[in-house]
Structure formats: structure tokens, C-alpha cells
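Analysis of the macromolecular model
Spelled out from the first residue to the last, the chains are:
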Protein chains: 2
Amino acid sequence: MVVLALPAHPHPQARRKPKIPKGTRDFLPEQMAIREKAFAIIVSVFKKHGAVAIDTPVFELRETLMGKYGEDSKLIYDLADQGGEILSLRYDLTVPFARFVAVHSIGNIKRYHIGKVYRRDQPQMTRGRFREFFQCDFDIAGAYAPMVADAEIIKVLTEILTDLQLGKFEVKINHRGLLDAMLAIAGVPPQKFRPICSAIDKLDKEPWEIVRQEMVVDKGLPEEVADAIGRFVVLRGEPLELVQQLLAPDHPLSQNPMGKAALDDLAAMFNMLQAMGALGSLTLDLSLARGLDYYTGVIYEAVLHGANVGSIAAGGRYDKLVGMFSGKDVPAVGVSIGIERVFAIMEQQRAAASGRPVRAIETEVLVASIGNGLQVRRMELCASLWAAGIRAEFGYKPNPKMADNLGFCHENAVPYMVLFGEDELTRGVVKIKVGPGLGCAYVCMYVCALYLGV
Amino acid sequence: MVVLALPAHPHPQARRKPKIPKGTRDFLPEQMAIREKAFAIIVSVFKKHGAVAIDTPVFELRETLMGKYGEDSKLIYDLADQGGEILSLRYDLTVPFARFVAVHSIGNIKRYHIGKVYRRDQPQMTRGRFREFFQCDFDIAGAYAPMVADAEIIKVLTEILTDLQLGKFEVKINHRGLLDAMLAIAGVPPQKFRPICSAIDKLDKEPWEIVRQEMVVDKGLPEEVADAIGRFVVLRGEPLELVQQLLAPDHPLSQNPMGKAALDDLAAMFNMLQAMGALGSLTLDLSLARGLDYYTGVIYEAVLHGANVGSIAAGGRYDKLVGMFSGKDVPAVGVSIGIERVFAIMEQQRAAASGRPVRAIETEVLVASIGNGLQVRRMELCASLWAAGIRAEFGYKPNPKMADNLGFCHENAVPYMVLFGEDELTRGVVKIKVGPGLGCAYVCMYVCALYLGV
């Protein structure tokens, strides 16, 4: 083989130290196998529910992303201004979806989208928090009967978390209308609703005393107002039961028009979820707040019991986001599954299990020869197997040793070896060694026979 | 459904006009169906040849990409400096692969990688030239017997182009050693090899007279040197035949040591490709030059006959690229398939064909009801179908009309409709309407029977 001298390298003395950007990861073949398995499970549920796939560019005009994410906007990756448009990497798949619905003037769509999103956050790789990570989104846009799409989204989420076999999970559910009602009843002035929601959002990490202090000291709420909020956010329980309690005529939430409407929504939705057999893992939790600006109705978040990985999925209703682009509202509801955390759990499960490696190579046949100078004959036989749709390799060493061939098959769980030497070629036969499994033995024998003209 | 007032929008009067960045595209559901079909064909060939999948981040440290692409470096998208590392979007998948091999200290790997790459080029969307586009790469890294990996890569390329059914194609092949030998023989000084190669590279778009003028006027070659090059670059033909002609002892290329070594390489490779039945679509073409800096051996490019879309795949051997990162060379050879051009052709084929739409929704059953107030019962029955792995939808209108149900099934080629009213529920039966195809009728009947407790 000719190896040419390269033209002089610009800095031949400065050997570049290979490095991957902070907060990102390579996927090695075994990790790709896990990832593909997870995606296959998720996509299968999406398709079961009639969703179609779409894709959007990895960057958007910066103005498309502005004003959608509240305080989190500071985490957006910007592209350099190299002349032309001002661009940013997408922060989630929801805002690009709303832009997509607006650009293509879509009236209704049930779609999924699996893609990488980007956040300049402090990475915690061991907990599955990356700067580049996948989201698997399922959204339903269109004006439909109340709560039907919301219920199906939550059903989809519970099916996926069940099928992924990640252990016991819980989907916490709340409603922006219920949050706003409880803040109004507690006496929070409307302009403080969002900042106070941000404080409530911290209740999954901080105790009430700390959150109360933030409300009173940092955000200027009177102590009795904070305490009134405190009496609401402890409310959590079995959804149908708790909704009925809150709907009692003497309960302040049912006496507030926003609260009553939200409770009616939730009652209808939980009724549908019960019919679909999805109520078991749901909790109505009045402390769930969700930070993003664009939610307008039901909100939810899924957590795994006993896993220290934060929430692994979240979503809600956002009826005004498409209208921010097109001027014409298209109501929508959806969920994002944060698949990196799922990968991390699946990799741990794999490590904790039997220790049997993930099979990354799917080769079915190794074509091997005895004696020298048969490489081209091995390639020729391999081509017959490929033509028959069989996954086959021929070995790249000119004259591989039998120990190497056996080692390769063993290591990669390759079930068949086709073997020949000059003697077999003369007699018009090959030997077939069969490992565990019997999948393609007959096809393989048949093809070899064709090759040999038998 | 509660629709909440959103907090005041920062610029409520400035309605954002929705727009997608220049040179990029959304994939609509029908386009995704075509894309997934193309990927499935390509991945199936990759796996048939024993390749494993990997993935790398969409951006790399800018220094990783510097000094690899010659003049094309100006097309790289940079990220803004927001503090921290200096990053750029990947320009291809080859340099990230070399970085990957170096970072993970991999000695040998046969991998594929399908991912988006980014170039700030002038887009020509109708010809399938985008700023964000997919590449499907197959590469073999590792020190192996000469030309074996090169031959398998080209075999993989011809299999994929055959399986994609894009029409007649041709793979043009050359060798950097042959190019360098012919330039040396013609009398080009070594420091002008790369600029003159860039000029030769234009021969697929420009006639010889224009290219000759560039060599003489812009790049200062004596006329007789340019004319000597002109006698080489017209050489093209059936690979085995042409190689034998050039290997004749009196041919100047076989008298040059670099040329002789390259011709021996090519002869061995074409011999293997003949054994694998892949010689038919190959041409040895001494005018093929390829612009990128990193190639060191065989180079190739695939074009479709009669399609005005430029090359649809290209690649070659790059033995020094991994060493630029790690200091330890790992020889490698690979091919990139530019799938956007393939999509464009497949979409045209689709439009030119019967006009039957691509089926984007894969729903198998629509659950419909007669009479009012049965939405929750439809959802309940759907959940039984989902649990049995059947793709089912229940309709989002409270009381869909039968005409709408039939229209939905017809439009989306949904083969089954399960139908019931109060009467059927009382009697414990459902009706099943069967459209074209019979795939899941029995399972569907069985599940409905289970649901009804029959």
C-alpha cells in the first residue's frame, strides 16, 4: 500500500491533544446499541398512537427562540455572527415545533420528534445531565374536545415509562389554572405570579422553610400570604380522590372561577385516564410548578422512585405558542422525554445484570479459510452471502489463524463460521461451524452451495 | 378547557414572522417517511458488512477542525464565544471520527455514522445542496492487509447505490499516488501539487481549456507542463484494462516509483472488486482529484447518470488523520454518502410514480362509535388495543360523523375500523369494518372480544 508524504502540516510541532467539548459525549458502539433499543421502544409507542415523525434544523433564527424560556434563555448557545442571519442552537423541540406549525400553516397534527437539543448548563454527566442531549417529544396540536389530547399524552408517557422497564415511576400533575387560583386566593398580586411559581418550582429540591424564606425575603410576600400558599402546596394525592375533595362546594379552590374550571378539566382528564388504565402511577400535586413561560393548562413531570436523576420527562399544554409566530393560535399539548437519563439507567441496569455484553456487531457469518492466499476467495464467497441478505465478514488479515477466527466469533457472538481450504474448493464443498442459535444456518448452507455450483 | 391569559408579551405589537434559517429545511411527515426508508436501506448494507454505529457531538473544539479542509475551512460554522471553550459545528463526519479514534485509543474499528453536518455554502435547495445536511459514513480504521478495506468500502458503496434504486451510477476512482506521479512526470514542482490538484478537481464542471488557463495564467505553470498534465487527465476507462495499460513497462507512470506503487495498489483492489462482483459500475479516471487535504491513497466519487445533482458519494484513504490528534497513526479508509441528493431523487421518483401518497401515519385501527357520549368508551377500547401492540386511534371529536371516520381511514390507508354504539355495548359486540389488507384483523377481533368480556 502506498503511503504518501502529506504536505507539511501548518504546526507540525504542536501535536493537538484530542478532546471532546465539555458536557458532550461520544456514543461508543455498545452505547449506541442501548440508545437504539430505547428509541425503538419509544417510537413504537408513538406510532401505536398514530403519530407521524418530523424533523427541524438544529439551529433556528435567534429571534424565534427569544422570549420563550424566561430566565433560562441565558443557557442558549448562540452561533457566531459570520455575516447573514443571526442563529442559535435549539434549546428544546417545543418552540421549533410551534414555529414548524406556524410556517407550514398546519391546523392539526399529532407528531413525534427525536433530536438533540443544547443548553449551556453546568453538566453533571454521571447524573445524565449534558450540554448536548436528546429529547423525545410527542405533541398534539389542533382544536379538539377538551382534555382528550391531554389525556392521551399522559397515557403515552406512562406506556413509555412502563415499556422502558426503568422501575417504579410517578407522574406528578398540576394545572396552571390551579396554581394561579391558589396564588390569587393566598393574596399574591398578579404581577408576582410567575416569580412565586419559580420559587414553588424549587420545592422538589428544597424544604418549605427555604422556599418560604425566598418568598418573604427575596420576593417581598407578607408572611401570612406565604403561609397561605404553604397550606396549598402540601396538597397531593390520588388524583380522582383529591380532585373531588377540592371540588367540594366549600373549598376555596372550587369557589374561585379559575380554580373551578381547572378542577373540572382535571376531573374530566383523570376520568379518561382511568378508562385507559393509566391512573395508577399518577399523582395530583399542587406543588408542581414548571419553569417555562409558555404553559397555559395542565402541566406534568415524571420521576423515578429511588433514582437520583431528577425528572425524566415533563410537559404540558401551551395554547398560545404557535400564535406567537403566526398570529393564529393553534392549541397544543405535549411531553418531552429526557432520554439521556434513561440511557444512564439502562447502562447501569446492564452493568448490574449478568455482565453479558451488549452485542454491537450483528454479523451472522464469518467466512474463514485454511491455508494461504485465499483472501480473494473469501471475499468472493462473502459477496454471495451479502447478495442473499446475510450479514457476513471475511477477515482483513491475509491468512488469519483459526484461533483468531474462533476468538472473533466468540467475542462478538457470531453464530456461524464458513470454512474452506484448497481441498474443500477442489471438492466443491465448505464446512459450516454452528455456534449457539440456528437462525440462518439453512440459508447460509444454501447460498454456499449456490456459490460452489453444487 | 381553561385558557389562561399569558403574561404580557415583551413586544406584543411585534408579531414575529415565522421563518426557517437559510439553506435548511424542515422534514414534513411524508419526507420523514422517505428519509427513514433511505436510512433503513443504507443501515442494512452497513450492518451486512459487520459495521457498528457510533455518534459524536454536533460541535467540536474549533482546533479539532482547523487545518483539515484546505480552502473549504472558510465554510465552517463557528459558535459565538460565550465564555468557555471555542467551538464549531462539524463540517463532515470524517474528522470527528478520527478525533473519536484518537480519544478512545481505538486500534481498529469498522463503523458507520449517520448525522447532520454544516457548511456555510451557497445553498441550491432544488439540487439537494443545503447548509445543514445528512452524511452517511462508513469507515474502516486499522492496520490490515493492503487494499482489502479499500475494496470493501467501494463494494459497500455500490451495494447501497444499487439498493437505493436511483438509476445507473458510476464510481470514478483514482489514487493520490497516481496524481502525484503524473504531476511529477509532467514537471510540476512539488509545492504546486495541491493547487494544481484543485484546478484538476474542476474538470467535472469546466472544459480542459478553462482549467489549462487557470494552471498557466493563475498558477504559473509553463504551457508545456500544463499540456503534459492534459495528456494524463484524459485517461479514463474500464479499471482492470486501463491499469494493465498503465502498468506496461514503457509507460511513464509505471516507470515512476510512486506511480508504480499506486498502480499495483489499484490492480490488487480491482481484482478484489471483481471477485465481489462490483467492477461493473467502476471507472478508473485520472482526472478525479478531490479537494480535501487529508487523503493519502485511493480516492473515489459516485455520480448518477443523467441526474444533475453532482456527486452523491465520495471518499478515500486517509492514513495520517488520526495521527494528527494522537501522534499515533491509525490507517483508515471510508466513504460519505450525501443523502439529501438521494432524498431529492426519491421524492422526484415518488412524484413521477403513481401519485399514491407516502403513508406517514401507520395507524392500523380507528375506533369509532355511533351516537353521542361514547368518547371515553372509545378511549377505553383503544387502550386494550394499545396493550396488545396494535396501532389505534379513537378520534378527538366528541361525536365524530361516520363520513369523517371513513374519510380518515381512506386518506391514511387505515385498514380497520372498530365500530360500536349503545346497542352493541349492551349486546357485548363490536362491528369490525375491514379495508384493504388483512394484517391484524384476527388480533383486533380477539382483543375486542377480550375487552367485551366475550
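In this convention, every chain numbers its residues from 1, walking through the sequence in written order. Naming scheme: in the order in which they are written, chains are lettered from A and ligands are numbered from 1. Given that the model is predicted, a residue must reach a pLDDT of at least 70 before its local features are reported, and side-chain atom pairs must reach 80 or more before they are shown or counted; all residues, however, enter totals for whole chains, interfaces and linings. To get the side-chain values, take all heavy atoms of the structure and skip hydrogens and water.

We call a set of buried Ala, Val, Leu, Ile, Met, Phe, Trp, Tyr and Cys residues a nonpolar core when their side-chain atoms join them within 4.5 Å. The buried label applies to any residue whose accessible area, calculated with a 1.4 Å probe on protein chains only, is under 20% of its type's maximum; exposed applies above 50%, and partly exposed to all values in between. Within the largest apolar cluster, 273 residues are counted, with the highest numbers of intra-cluster contacts made by I200(A) and I200(B). Here, residues are in contact when the closest pair of their heavy atoms is within 4.5 Å. Those residues in contact with I200(A) that sit more than four places away from it in its chain are L179(A), M182(A), L183(A), V211(A), M215(A), I229(A), V233(A), S287(A) and A289(A). The next biggest cluster of nonpolar side chains, apart from the first, holds 16 residues, and it includes L61(A), V58(B), Y77(B) and L89(B).

Quick look at the confidence of the model for chain A now. Per residue, pLDDT captures the predictor's confidence, and it can take any value from 0 to 100. Residues with a pLDDT of 70 or more make up 90% of chain A, whose mean pLDDT is 89. The model gives residues 1-13 of chain A a pLDDT under 50, and that stretch makes 28 contacts with residues more than four places away or in other chains.

Counting residues at the interface gives 117 residues for chain B, matched by 116 residues for chain A. Put simply, buried area is how much 1.4 Å-probe accessible surface two parts lose in total, over both of them, once they are put together. Between chain B and chain A, the buried area comes to about 10100 Å², and carbon and sulfur atoms account for 63% of it. One side-chain nitrogen of Lys or Arg within 4 Å of one carboxyl oxygen of Asp or Glu is enough to make a salt bridge. Inspection of the region where chain B meets chain A yields 12 salt bridges. A 3.5 Å cut-off defines polar contacts: any pair of N or O atoms within that distance qualifies, except that in protein one atom must be a possible hydrogen donor and the other a possible acceptor, and neighbouring residues in sequence count only when both atoms are side-chain atoms. Viewed at the interface, chain A and chain B are joined by 40 residue pairs in polar contact (both at pLDDT 80 or more).

Residues spaced three or four apart along an α-helix face the same direction, because each turn holds 3.6 residues. Residue and element names in this part refer to chain B. Helix and strand definitions here come from DSSP, where helices need a minimum of 4 consecutive H or I residues and strands a minimum of 2 consecutive E residues; each element is numbered from the N-terminal end. What a helix is expected to span follows from its residue count: subtract one and scale by 1.5 Å. Helix length check: helix 4 (residues 148-163) (16 residues) gives 22 Å between terminal C-alpha atoms against 22 Å at 1.5 Å per residue, within 8%. Across the 16 residues that make up helix 4, a large majority, 14, are buried. Of the residues trailing helix 4, Q165 is marked for its positive phi of about 55 degrees.

The next thing to look at is the sheet that holds strand 11 (residues 332-338) of chain A. Residue and element names in this part refer to chain A. Strand pairing is assigned whenever DSSP identifies at least 2 bridges connecting the two strands. One open sheet accounts for nine strands, arranged 1-4-5-11-10-9-6-8-7; its pairing is mixed. The sheet is open, and its two borders are formed by strand 1 (52-53) and strand 7 (236-237), each paired with just one other strand. Taken together, the five bridges between strand 9 (residues 298-304) and strand 10 (residues 311-317) define a ladder with antiparallel strand orientation. Of the residues in strand 10, the one forming a bridge with Y300 is G315.

The next thing to look at is the side chain of R35(B). You can see R35(B) is positioned in helix 1 (residues 29-48). Looking at R35(B), the relative accessible area reads 10%, which means it is buried. Contacts of R35(B), omitting those with residues within four sequence positions, involve D55(A), F27(B), F134(B) and F343(B).

Our focus in this paragraph is the packing of aromatic side chains. Between the rings of Phe, Tyr and Trp (Trp by its six-membered ring), a pair exists once the centres lie within 6.5 Å; its type follows the angle of the planes, with under 30 degrees stacked, over 60 edge-to-face, and the other angles tilted. Evaluation of the coordinates by the stated rule reveals 30 aromatic pairs over all chains. Residues F39(B) and F134(B) carry aromatic rings whose centres are separated by 5.1 Å and whose planes lie at 70 degrees to one another, so their mutual orientation is edge-to-face. One end of the pair, F39(B), is in helix 1; the other, F134(B), is in strand 5 (residues 132-141), and 95 residues separate them in sequence. Considered together, F39(B) and F134(B) belong to a single accessibility category, that of buried residues. Look at F39(B) and F343(B): their rings are 5.9 Å apart centre to centre, the planes differ by 65 degrees, and that puts the pair in the edge-to-face class. Of the two residues, F39(B) is situated in helix 1 and F343(B) in helix 13 (residues 339-352); the sequence distance between them amounts to 304 residues. Three or more aromatic residues link up through ring pairs in this structure, and these residues are Y69(A), Y91(A), Y294(A), Y295(A) and Y318(A). Any Lys NZ or Arg CZ that is within 6 Å of a ring centre and within 35 degrees of that ring's normal is treated as a charge sitting over the ring. Of note, R119(A) hangs over the ring of Y91(A), and the distance from its end group to the ring centre comes to 4.0 Å.

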